[in-house]
Amino acid sequence: MGTENYNRHDHYHSDTEAAAVGVDRNAFSGPLTVSGPLNKRTGRKSAQFYIPDGAPGSSSSSMRSNGNDDYVEITLDVRDDSVAVHSVKTAGGADVEDPELTLLAKGLEKRSSFGSSVVRNASARIRQVSEELKRLTSFSKRPTGRLDRTKSAAAHALRGLKFISKNDGGAAWAALEKRFDELTADTGGLLPRSLFGECIGMNKDSKEFAGELFDALSRRRNITGDAINKAQLKEFWDQISDQSFDSRLQTFFDMVDKDADGRITEDEVREIISLSASANKLSNIQKQADEYAALIMEELDPDNRGYIMIEHLEMLLLQAPTQSVRGESRNLSQMLSQKLKTTHHGNPIRRWYEDLKYFLQDNWQRCWVIVLWIGIMAGLFTWKYIQYKNRAVYKVLGPCVCIAKGAAETLKLNMALILLPVCRNTITWLRNKTRLGVAVPFDDNLNFHKVIAMAITIGVGLHAISHLTCDFPRLIHATEEQYEPMEQFFGDQAHNYWHFVKEAEGYTGITMVVLMTIAFTLATPWLRRGKLNLPPFLKKLTGFNAFWYSHHLFVIVYVMLIVHGIKLYLTKEWYQKTTWMYLAVPITLYACERLIRAFRSSVKPVKILKVAVYPGNVLALHMSKPQGFKYKSGQYMFVNCAAVSPFEWHPFSITSAPGDDYLSVHIRTLGDWTRQLKTVFSEVCQPPRNGKSGLLRAENQEENPNFPKVLIDGPYGAPAQDYKKYDVVLLVGLGIGATPMISIVKDIVNNMKAKEEEENALEHGGTPKNKSTPTSANNFRTTRAYFYWVTREQGSFDWFKGVMNEVAEMDKNGVIEMHNYCTSVYEEGDARSALITMLQSINHAKNGVDVVSGTRVKSHFAKPNWRNVYKRIALNHSGSRIGVFYCGAPAPTKELKQLALDFSHKTSTKFDFHKENF
């Protein structure tokens with residue numbers, strides 16, 4: 001077959017306009033001209049084929065005798081269900097007589113060689129022409145009023161039906177050719193169907209889809225067998241990388257139309273739905289393939305013919321995007337993009353100044369706290385260094401004793417300070433009841449706790465090394481004359497290290513170092529989260545339980561520290577032994593915190609109202625709300641279950657809103673404690689009845705005495721609770737990180753509703769029903785919220801299905817804009833998710849329910865483009881201050897924070913970023 005291009009011109013006629021669309025193809029050789037109005041049910045089509053020199057069976061001498069004889073013109077009568085050959089002529093108009101034409105005209109089912117060289121080459125292509133012209137006439141029968149061929153619709157379509165994520169032209173083929181050579185090294189240059197997906201760059205999850213694509217491309221070329229050579233692969237690649245939408249549409253249609261009859265039946269639709277759902281890990285859609293296939297047929301086959309044609313798919317895919325950007329907004333968007341471009345200052349001093357200015361603007365709260373803390377430590381170290389430099393021991397021990405005592409003084413301070421960031425009740429009170437939050441970064445309490453721990457590690461190192469490698473060796477090797485002034489402090493001269501180890505100073509110091517090493521090591525993220533691949537016997541020593549219990553060794557550490565501080569060698573007066581002075585207030589405060597927690601949890605018992613186990617290993621607990629338990633959306637509380645462990649308390653975000661008459665938490669089984677908690681509650685649950693959500697459910701603890709008992713402690717302050725300070729908020733939840741955001745979303749709707757009721761009551765001369773609502777206190781400012789929930793599994797949407805439907809129903813004024821993203825689905829525009837997109841559009845338009853999330857909120861596919869999200873908010877709220885609240889895994893934090901900084905520095909919209917990682 002030749003490789004020349006042909007141009008196709010489809011003419012659409014209506015009462016008001018005639019449009020022409022030209023598309024380049026590589027399907028067969030020669031220009032194809034279509035005559036006659038295609039909007040009629042029958043028509044006549046003509047095609048001219050160029051016969052190249054050296055074509056098989058051609059006679060060069062006869063073909064060169066007349067330039068016009070290089071072409072043959074075939075005219076066919078095209079009807080609804082048949083294509084008949086009308087005539088075959090040379091380009092000069094002379095008839096070509098051949099008995100074979102009779103057979104071709106009857107059914108186009110047989111191919112054989114014509115007597116003349118011209119017809120021999122043409123007859124091999126008759127079937128392709130007939131199938132192509134059938135497709136062309138099918139376009140003429142489309143309902144033109146519903147089809148949008150505007151520029152925006154065409155641009156939208158070109159983003160769809162991509163079989164490969166990107167097309168780098170020759171470079172892409174070169175890489176593919178290299179993979180082909182590697183994969184076919186042992187197969188004699190033939191690529192099997194099973195390796196086709198890997199060869200063209202599809203991932204393993206798309207193996208089935210790649211196989212169907214292989215079959216479709218093979219059927220198009222009448223290739224039999226399960227293997228292709230490099231030349232055939234090049235043809236396949238040219239087609240799937242074709243940027244023409246019509247080409248991609250035909251390829252996708254061929255995938256669905258397995259019997260190649262030009263029609264798609266309900267069985268074929270059902271099969272491609274199952275295939276697409278499997279490739280995108282959408283198990284719920286896979287289970288309902290029959291229902292959704294019937295829905296598509298009902299929509300696209302209203303006449304109940306039992307099949308749908310290619311133009312029906314085209315109509316669906318060529319629908320213009322639902323969101324259009326007006327000219328003014330587009331200009332603003334372009335100006336904003338220009339502002340956001342990175343500017344490189346040629347002057348390094350100017351560049352340094354700009355970076356420093358922005359750093360201080362963004363981190364001034366952290367900076368002043370850290371500078372003050374470092375300043376105090378430097379002052380204490382210097383004070384002790386100078387003090388011991390002027391003492392008699394300096395002559396024997398030298399600067400080592402000064403360094404050891406200076407480090408010891410910083411250790412006293414830091415061992416006191418490290419308790420304050422974990423005094424959660426105190427921090428929550430300071431956050432809620434004072435204005436210190438303006439200057440003190442309470443959100444960074446755990447980060448400051450970790451920074452102090454690092455300072456303690458450095459202090460212990462300096463103190464221990466100075467003593468062990470310098471002070472003690474000097475005392476051991478000192479002459480009698482040198483040691484005489486030291487005898488009043490250390491007693492008889494030591495001859496080895498055991499002299500110091502057996503003393504209280506020695507064994508308390510060693511014990512503290514060992515216990516702190518254990519606690520610090522098990523607190524590292526890779527051990528606390530169990531990320532290291534360790535042998536089974538060591539694996540049991542890691543995880544959250546190991547972290548939690550090892551951290552409680554601090555009780556022994558503080559006892560040893562006090563003893564260590566009392567039994568000092570060089571200090572004898574009690575008032576100079578200052579360790580207890582540093583620790584008195586922090587230890588007392590922390591002890592009171594723990595007593596309050598124990599007392600409050602026992603005085604305020606809760607009853608389990610409902611338990612549900614959801615897909616994705618999520619346990620939802622709904623419990624009674626203790627009297628006087630007041631909290632804010634975004635806060636968290638600690639949960640204890642004696643059936644799992646009577647000592648362990650674990651923090652979880654509250655997912656209910658303050659206005660609800662119950663408390664709820666959603667717990668994902670990520671560790672050993674949560675896994676055991678799910679197990680004990682699953683034992684009292686049963687499969688849901690009456691269409692209720694969840695995998696297992698149980699209700700009403702009073703009816704089931706076997707319900708595990710639960711204690712709660714809280715609430716405690718969290719970054720997300722500050723959302724009320726902003727008129728506009730961007731809420732981002734990753735997976736189970738959506739929990740605090742769900743509470744905020746519900747609270748915003750409740751507050752807006754309460755505000756509306758209050759205004760209505762005042763208008764009619766009445767009084768508000770509830771004067772204690774946050775609205776009445778005039779501290780609720782939020783008027784617009786953007787909620788983005790990104791999750792990997794379709795089943796995750798079941799966790800908050802009821803909440804999202806409730807918000808969609810109650811939010812009449814469009815206060816909350818909700819976006820669900822399912823990252824297991826290929827990005828919108830990928831051929832692997834094309835049918836899911838079509839199904840989603842049809843079902844949402846007809847039933848108002850999204851097929852992916854099962855809610856009224858329409859889902860998006862793949863990951864969000866965060867830059868575009870920020871950009872759109874900046875355009876909609878120019879000059880505003882936006883609160884950005886993120887909860888989830890640490891991975892996206894850097895990008896979200898950097899974008900907030902970039903937009904704040906270079907636009908009039910300011911973004912304040914708050915994060916809560918778990």
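Note: the structure precedes this text.
For every chain, the first residue of its written sequence is number 1, and the numbers climb from 1 along that sequence. Confidence filtering applies because this is a predicted model: local features only for residues at pLDDT of at least 70, side-chain atom pairs given and counted only at 80 or more, and all residues used for totals across whole chains, interfaces and linings. To obtain the side-chain values, all non-hydrogen atoms of the structure were included, while hydrogens and water were left out.

Student: What is the right way to look at the pairing of strand E22 (residues 881-888) in this model?
Tutor: Taken residue by residue, a regular strand's side chains alternate between the two faces of the sheet. The buried fraction of E22 amounts to seven of the eight residues, a majority that puts the element mostly inside the structure. When strand E18 (residues 728-734) meets E22, the two strands line up parallel, connected through six bridges. Counted as the bridge partner of Val729 is Gly883 from E22. With a 1.4 Å probe rolled over the protein chains alone, any residue whose accessible area is under 20% of its type maximum counts as buried; one over 50% counts as exposed, and the rest are partly exposed. To qualify as a helix, a DSSP run of H or I must reach at least 4 residues; to qualify as a strand, a run of E must reach at least 2; elements of each kind are numbered from the N terminus. Whether two strands pair depends on DSSP finding at least two bridges between them.

Student: Which parts of the structure should I look at to understand unusual backbone geometry?
Tutor: Excluding glycine, residues mostly carry a negative phi; peptide bonds, for their part, are mostly trans. Between Gly714 and the following residue, Pro715, the backbone shows a cis peptide bond with an omega angle of 0 degrees. Tracing the sequence through the fold places Pro715 in strand E17 (residues 710-716). Of note in the backbone geometry, Ala862 takes a positive phi value of approximately 65 degrees without being a glycine. Along the polypeptide, Ala862 turns up in the loop between strand E21 (859-861) and helix H34 (866-876). Judged by its relative accessible area of 16%, Ala862 is buried.

Student: Can you help me understand a negative patch on the surface in this one?
Tutor: A surface patch of negative charge is lined by Glu481, Glu484, Glu487 and Asp492. Following the sequence through the fold, Glu487 ends up in helix H22 (residues 487-490). Judged by relative accessible area, which is 42%, Glu487 ranks as partly exposed. For patch detection, residues must exceed 30% relative accessible area and be free of salt bridges, and they are connected within 9 Å for like charges or within 5 Å for nonpolar side chains (Val, Leu, Ile, Met, Phe, Trp, Tyr). Under the convention used here, a 1.4 Å probe and the Shrake-Rupley method define accessible areas, while residue burial counts only the protein chains that appear. Each reported salt bridge corresponds to a side-chain nitrogen of Lys or Arg within 4 Å of a carboxyl oxygen of Asp or Glu. Counting rule applied: Lys, Arg positive; Asp, Glu negative; His and chain ends not counted. Lys charges are placed at NZ, Arg charges at CZ, Asp charges at CG and Glu charges at CD.

Student: Any chance you could explain the packing of helix H20 (residues 445-477) against helix H24 (residues 504-522) here in plain terms?
Tutor: Geometry of a packed helix pair, given as the angle between the helix axes and the separation of the axes. With axes taken as lines fitted to C-alpha atoms, and helix axes fitted only over the stretch in contact, angles between N-to-C directions fall between 0 and 180 degrees. In contact at an axis separation of 12 Å, H20 and H24 are set at 145 degrees when each is read in the N-to-C sense. You can see that H20 and H24 cross each other, and the crossing is left-handed. The segment H20 lies against H24, with Ala453, Ile456, Thr457 and Val460 engaging Val513, Met516 and Phe520. Amino acids are sorted into nonpolar (Ala, Val, Leu, Ile, Met, Phe, Trp, Tyr, Cys and Pro), charged (Asp, Glu, Lys and Arg) and polar (every other residue, Gly among them). Of the residues in the contact of H20 with H24, the class split is six nonpolar, one polar and no charged. Definitions for this section: a left-handed crossing has its near helix turned counterclockwise from the far helix by less than a right angle. A right-handed crossing has that turn clockwise. Should any heavy atoms of two residues lie within 4.5 Å, those residues are considered in contact.

Student: For this particular structure, what's the right way to read the packing of H24 against helix H28 (residues 554-566)?
Tutor: Close contact between H24 and H28 brings their axes to 9 Å; oriented N to C, the two are set at 150 degrees. On the basis of the axis angle, H24 is roughly antiparallel to H28. In this structure, the crossing between H24 and H28 has a hand that is left-handed. Judged by residue contacts, Glu505, Thr508, Gly509, Thr511, Met512, Leu515 and Met516 of H24 engage Ile556, Val557, Met560, Leu561, Val563 and His564 from H28. Angles below 35 degrees are treated as roughly parallel, those above 145 as roughly antiparallel, those between 65 and 115 as roughly perpendicular, and all remaining angles as oblique.

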